[in-house]
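Overview (structure and organization)
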Amino acid sequence: MKARLHMTAPFKTFLMLTLSMTFMTGLAACGQPVAQSGKVATSGTADIGGAYNLVNQDGQAVTDQTYAGRPQLIYFGFTYCPDICPTALMQMGMAQEKLAEKGKDVQYIFISVDPERDTPDILAQYVTANGFPKGLIGLTGTVEQVEATKAAYKVYSTKVIDEASAGDYMVDHSSIIYFMDAKGELVEFFTHNSTPNDIATRVRVAIGK
Ligand code: NI
C-alpha cells in the first residue's frame, strides 16, 4: 500500500535537489545532507514508503506490516559506512534517549542498501553498537527486495569501486531519517542538520505525548 502524501515547498525542493544530485552530479561517498528537516503538510503529493518484503537480523522474513501500528524512524545505509551512517544512527539513539518513556512505542529501523555484504548476521552485530537506538531493527534481503524497498522510499544508492583495494567498494547513498506514523505514512524527514532534540521534540508532538 502506497501512501499518498502532501508536502510543503521545502520538501519539494529537497526532492528536486535529491533528484538533480542523483542524476546529474551523484552523491558524495556515503551520502550528503541536502536539506533541513521538513514537515509534510500541504500542497503537492509524494509517494514515499509502502509495502516491502525483507529479512531481519535474525534471518526472519518481515514486511512493512510487521512493524505496522507503531511510529517508526527509518534510515537506509550500509554497515561498512565509516561515518555518515553511524552518525545518523547515533542521532536516532540520542533522540530515543531524549524521548525516554514517551517514545517507547517508536520503532527504529535500519535498512541496508548493501544486501550483498550486509547479511542478517552482520546486521545482528551492527544494530547493537554503542549509541545506536536500543531495539534497533536491521533489515536486508535479496538485491531485488532491497531495490524495491529503495524505490518505495525514493532512496538512491550506488556502488563506488575502490580502485586501491581490489573488490572493495563504498556505497553512495542518500542519507535521510524518515519518520513514519503508525499507519506507515510519512510524517516528515530528518537530515544530519536535525539535532537529536529536534527529532525527539517533533516525534513527541506528532505522537501526542
Ligand atoms: Ni552511509
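To be clear, the structure that these remarks concern was listed above.
Summary of the structure given here. Worth saying up front: this structure is predicted, and the values here are computed from it rather than measured. (Residues numbered from 1 in each chain as written. Predicted model: local features only at pLDDT ≥ 70, side-chain atom pairs only at ≥ 80, totals over all residues. Heavy atoms only, no water.)

Time to look at the nonpolar core. Formed by 48 residues in total, the largest nonpolar core has its most connected members in L73, L139, Y153 and Y178. Tallying contributions element by element places helix α2 (residues 84-99) first for this core, with 7 residues. The residues contacting L73, other than those within four sequence positions of it, are M92, V106, Q107, Y108, I109, I177, Y178, F179, F190, I199 and V203. (Core = buried A, V, L, I, M, F, W, Y, C linked by side-chain atoms within 4.5 Å. Buried < 20%, exposed > 50% of the residue type's maximum accessible area, 1.4 Å probe, protein only. Helix = DSSP H or I, 4+ residues; strand = E, 2+ residues; numbered from the N terminus. Contact = heavy atoms within 4.5 Å.)

Summed over all chains, the structure comprises 7 salt bridges. Across the pair R117 and D114 runs a salt bridge whose closest N-O atoms are separated by 2.7 Å. The pair R117 / D114 is uniform in exposure class, with both members buried. Measuring nitrogen to oxygen at the nearest pair gives 2.9 Å for the salt bridge that ties R202 to D198. Remark: D198 and R202 occur in helix α5 (residues 196-206); sequence separation between them is 4 residues, near one turn of the helix. Given a relative accessible area of 25%, D198 falls into the partly exposed group. One network of salt bridges, with partners in common, ties together D114, R117 and D168. (Salt bridge = Lys/Arg side-chain N within 4 Å of Asp/Glu carboxyl O.)

With that settled, consider the packing of α2 against α5. Remark: α2 packs on α5, axes separated minimally by 8 Å, with the N-to-C direction vectors making an angle of 55 degrees. Relative to α5, α2 is oriented oblique. Crossing angle aside, the handedness with which α2 passes α5 is right-handed. Mapping the contact onto sequence places Q91, M94, A95, K98 and L99 in α2 and P196, N197, I199, A200, V203 and R204 in α5. Tallied by class, residues from the contact of α2 with α5 come to 7 nonpolar, 2 polar and 2 charged. (Axes fitted to C-alpha atoms, helices over the stretch in contact; angles between N-to-C directions. Parallel < 35°, antiparallel > 145°, perpendicular 65-115°, else oblique. Left-handed = near helix turned anticlockwise from the far one by under 90°. Nonpolar A, V, L, I, M, F, W, Y, C, P; charged D, E, K, R; others polar.)

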